[in-house]
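Residues per chain are reported as follows:
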Amino acid sequence: MTSLSQKLSGIVGQAFEASELSADLGAVRVSDRPDLAQFQCNGAMAAAKVAKKNPREVAQVIVDVLSKNEIFSKIEIAGPGFINLNVTDEFLQEYLADIVQDNRFGIDAPDTAEEIIFDYGGPNIAKPMHVGHLRASIIGDTLRRIFSFVGYKTYGDIHLGDWGTHLGMLFSDYERDGKIDWILNLDLNNEADCDALFEDMSERYPKASAACKADETFMVEALRITKALQDKQDPYISVWEKVFQVSIAGMKKNFAALNVHFDLWQGEASVQDLIEPMVEKLRADDFTEMSNGATIIDVTHPDDKKEMPPLLLLKTDGAAMYGTTDLATIVDRVEKFDLARMVYVVDQRQALHFEQVFRAAYKAKLVPENVEMTHAGFGTMNGTDGKPFKTRAGGVMKLEDLITMGVEKAQMRLKEANLASDIDEVERGEIAKKVAIAAIKFADLQNQRTSNYVFDLDRLTSFEGKTGPYLLYQAVRIKSLLRKAGEFDESAPLIIQDADRALALMLTELPDALNLTMRTYAPHHLCEHVYKLSQAFSSFYGNCHILSEENEALRNSRLKLSQISVTQIELILSLLGIDVPERM
RNA sequence: GCGCCCUUAGCUCAACUGGAUAGAGCACCUGCCUUCUAAGCAGGGGGUUGCAGGUUCGAGUCCUGCAGGGCGCACCA
């Protein structure tokens, strides 16, 4: 991927090489001090440290080489040995004209279109989706969109929790209520009936779960049914089939509202048949051992400094554990795809578990060494009190309710601000939905992935400042501007003056933001970038009255800059899974 | 007991391989809508980066210790 800063890095790198220094030292980045320069290179200081020389002298040698290059309008040594650089407006203008050709803005495809599976979401069937599923879903979905756009072959796998004890709990409750037949006779083609069951399960599950916790005989019954289900006995396996179908249909609605997409609807159940042969093979290949009656895989490394518990493959009673299912899933994926990477977007608290699973998978050669497995963990969602988030009633907040609240608030805000008053009610409803989703998603995605974050309803449904709706607003404003401008000469050359320069420079930074995001699997970097870009536009917009510009060449140039801006903002928002309305 | 993570402005958060004057948003204060959408723009106040040492030309970032908080440590997932 060649961004402007990478292009400059190449040029400065050559200057370092000419002095028999490593080209890596020539790394150029956008300056921390825009008042001093557009770009900076810190390599002279690093070089001087190794060579025990004066950094400013090292920098001077580099600067002497660079000064022959006419793309720079300023080359300066500052402070202890920073090399500060500005490019000429002509160069900037040509560079921009070049990268907008294919609407990829300097983003090159990777050398090979590696296949990557992103594992995210992980909701349990028959349980209501709550706000906790928000992070996993949207971080994973965003990463999938980004890698896919850049040129990787990606798959989003929802990895359902569809084979566990929670189903035994639910089914036993239905059995006590004599409602098993109701489910068995359910017509999957009847949407109303399916919705009714979906609703019923959502409300029933918390009660069933609480009952099992409170009364041991209920729990014993739930476990019996779980075992029967896993042995594929009727009626439970037939009930499961219906519950599975209805749950998926319900989830699809939820995820559609959130604009989250999955390519694979695999779950724990879909790999159960792989477990037995896998365990047999692991035994035969001598990767397993017995410990206190359980079958385990030792995953310690000789140079481990910390304790590393073994992966528990089979319990004393011979039943598989979730790590076993995860290994079977890996086997399944390696079989079906030509994978280069697997990325698990799962709660940070699972870090040890994934380390054990990954170690076991490599050790037992279930996955080739060159397949990279990453746990991109995310922090817990806490309430404003710093403790794991609960509603006032003490329960979890349903994802659906959060979205509804957001939409209602957006509708109110539209009315208050007297926006979209000339738009009919149906479109206004659509706009409110987009505003709400933008608010919720951006508020979440702008947090660093790994740190815990505070769930604050007011913030999630806030529309001012660094928010999703702000970004929509900027994009929509540009769209409106371009509509009013009508036809203009898009091939006219860009003119970079003082008022245009900051925006023009921002428009070159997209590849850097994407690279950083992909390297760290951290979408908040991209959020930061799109916010800065939108701000740069807003500032430009405030400074220049474009439509009334009498100099036609300048008017064309500024319309073109506006057009590039909205294209980029909309592209980035689409990578964040956020839709931009035509007007708002 | 062992291990991992966190502590930055009143609040919520950024700060890429160690770089210059630690940045945003909210809240607060001052301007700006009879020219393109004020969900906006321009500007202001607000900081001993939990504490104490160390390494370095340079530390929010690396090392050591301490305090406070969160989480995880085989028969749940």
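Student: Describe the domain arrangement of chain A, listing the residues and the values that go with them.
Tutor: What the domain assignment lists for chain A is domain 1 (4-87), domain 2 (165-258) and domain 3 (267-374). Between the C-alpha centres of domain 1 and domain 3 the distance comes to 48 Å.

Student: Please provide a residue-by-residue account of the sheet that holds strand 9 (residues 311-314), values included.
Tutor: On the basis of which strands lie adjacent, the open sheet formed by three strands has the order 7-8-9 and antiparallel pairing. The strands lining the two open edges of the sheet, one partner per strand, are strand 7 (289-291) and strand 9. The average undirected angle you get between the axes of adjacent strands in this sheet is 50 degrees. Note that strand 8 (residues 294-297) and strand 9 share three bridges and pair antiparallel. Bridging from a neighbouring strand, Ile297 pairs with Leu311 of strand 9.

Student: I'd like to hear about the sheet that holds strand 11 (residues 372-375), residue by residue, with values.
Tutor: Hydrogen bonding along the main chain pairs the strands of a sheet, whether they run parallel or antiparallel. Read from one edge to the other, the open sheet built from four strands follows the order 6-5-10-11, with strand pairing classed as parallel. Two strands bound the open sheet, and with one partner strand each, they are strand 6 (153-157) and strand 11. Recorded for the sheet is a direction-independent mean angle of 15 degrees between the axes of neighbouring strands. Across four bridges, the pairing between strand 10 (residues 339-344) and strand 11 is parallel. Directly across from Tyr344, in strand 11, lies its bridge partner His375.

Student: Tell me about the nonpolar core, and please be specific about residues and values.
Tutor: The biggest cluster of nonpolar side chains holds 156 residues, and the ones touching the most others in it are Phe171, Met201, Trp240, Leu402, Leu526 and Leu576. The residues contacting Phe171, other than those within four sequence positions of it, are Ile180, Ile225, Leu229, Tyr236, Val239, Trp240 and Val243. Among the nonpolar cores identified, the runner-up in size contains 33 residues, and Leu282, Phe337, Val357 and Ala364 belong to it.

Student: So what's going on with the packing of aromatic side chains? Residues and values would help.
Tutor: The geometry of two aromatic rings is summed up by the distance between their centres and the angle between their planes. This model, assessed by the stated rule, comprises 18 aromatic pairs. Each member of the aromatic cluster is reached from another via a ring pair, and the members are Phe118, Phe147, Tyr152 and Tyr521. The ring of Phe149 is capped by Arg104, whose NZ or CZ atom sits 5.0 Å from the centre of that ring. Over the ring of Trp182 we find Lys179; its NZ or CZ atom is 4.8 Å from the centre of that ring.

Student: So what's going on with the side chain of Glu509? Residues and values would help.
Tutor: For Glu509, the position within the fold is in the loop between helix 18 (498-506) and helix 19 (510-520). Lacking a salt bridge, the buried Glu509 has Lys532 as its closest oppositely charged neighbour, with an N-O distance of 5.1 Å.

Student: Which residues make up the protein's contact with RNA strand B, and what values go with them?
Tutor: Near RNA strand B lie 69 residues; those nearest to it are Arg33, Phe82, Leu312, Tyr473 and Tyr541. Near the protein, meaning within 4 Å, the atoms of RNA strand B are sugar or phosphate in a fraction of 55%, with bases accounting for the rest. One of the backbone N or O atoms of Asn292 is found 3.0 Å from a base nitrogen in RNA strand B. At 2.4 Å, a backbone N or O of Tyr541 approaches a base nitrogen of RNA strand B. Secondary structure elements with two or more residues in the surface near RNA strand B: helix 2 (43-51), strand 4 (82-87), helix 14 (399-416), strand 13 (453-454), helix 17 (468-485), helix 19 and helix 20 (524-543). Among the residues making up the surface near RNA strand B, the classes are represented as 29 nonpolar, 21 polar and 19 charged.

Student: Can you explain the pairing of strand 3 (residues 72-78)? Please cite residues and give values.
Tutor: Successive residues of a regular strand alternate their side chains across the two faces of the sheet. Where strand 3 and strand 4 come together, six bridges link them in antiparallel fashion. In the strand pairing of strand 4, Glu76 is matched with Asn84. The hairpin turn running from strand 3 into strand 4, its antiparallel successor, is three residues long, and Gly79 in that turn takes a positive phi close to 55 degrees.

Student: Kindly report on unusual backbone geometry, identifying the contributing residues and their values.
Tutor: Residues Asp234 and Pro235 are joined by a peptide bond in cis, for which omega reads 5 degrees. Tracing the backbone shows Pro235 in the loop between helix 9 (216-230) and helix 10 (236-258). We note that Lys232 has phi near 60 degrees; this positive angle belongs to a residue other than glycine. By secondary structure assignment, the location of Lys232 is in the loop between helix 9 and helix 10. The phi angle at Asp286 is positive, at roughly 70 degrees, despite the residue not being glycine. Here Asp286 is to be found in the loop between helix 11 (272-284) and strand 7. What makes Asp286 exposed here is its relative accessible area of 63%.

Student: I'd like a description of the packing of helix 18 against helix 21 (residues 552-575), backed by residues and values.
Tutor: At a minimum axis distance of 11 Å, the contact between helix 18 and helix 21 shows a crossing angle of 25 degrees. For the element pair helix 18 / helix 21, the angle class is roughly parallel. Crossing hand, helix 18 versus helix 21: left-handed. Contacts from Ala499, Asp500 and Leu503 in helix 18 reach Arg558, Leu561 and Ser565 in helix 21.

Student: Which residues make up the pattern of salt bridges, and what values go with them?
Tutor: Going through the model one piece at a time under the given rule, you end up with 36 salt bridges. For Asp231, the salt bridge is made with Lys227, and the minimal N-O distance between the two is 3.0 Å. Judged by its relative accessible area of 42%, Asp231 falls in the partly exposed class. As a salt-bridge pair, Arg583 and Glu427 come within 2.9 Å of each other at their nearest N and O atoms. In this pair, Arg583 sits in the segment after helix 21 while Glu427 sits in helix 15 (residues 425-445), placing the two residues 156 residues apart along the sequence. Note on Glu427: relative accessible area 25%, which makes it partly exposed. Members of the salt-bridge network, linked through shared partners, are Asp173, Arg176, Asp177, Asp200 and Arg204.

Thresholds, definitions, all that
- Residues numbered from 1 in each chain as written.
- Chains lettered and ligands numbered in written order.
- Predicted model: local features only at pLDDT ≥ 70, side-chain atom pairs only at ≥ 80, totals over all residues.
- Heavy atoms only, no water.
- Domains from an automatic or database assignment.
- Pairing = 2+ DSSP bridges.
- Helix = DSSP H or I, 4+ residues; strand = E, 2+ residues; numbered from the N terminus.
- Axes fitted to C-alpha atoms, helices over the stretch in contact; angles between N-to-C directions.
- Core = buried A, V, L, I, M, F, W, Y, C linked by side-chain atoms within 4.5 Å.
- Buried < 20%, exposed > 50% of the residue type's maximum accessible area, 1.4 Å probe, protein only.
- Contact = heavy atoms within 4.5 Å.
- Phe/Tyr/Trp six-rings, centres within 6.5 Å; stacked < 30°, edge-to-face > 60°.
- Lys NZ or Arg CZ within 6 Å of the ring centre and 35° of its normal.
- Lys, Arg positive; Asp, Glu negative; His and termini not counted.
- Salt bridge = Lys/Arg side-chain N within 4 Å of Asp/Glu carboxyl O.
- Near = heavy atom within 4 Å.
- Polar contact = N/O pair within 3.5 Å; in protein donor to acceptor, adjacent residues only side chain to side chain.
- Nonpolar A, V, L, I, M, F, W, Y, C, P; charged D, E, K, R; others polar.
- Parallel < 35°, antiparallel > 145°, perpendicular 65-115°, else oblique.
- Left-handed = near helix turned anticlockwise from the far one by under 90°.

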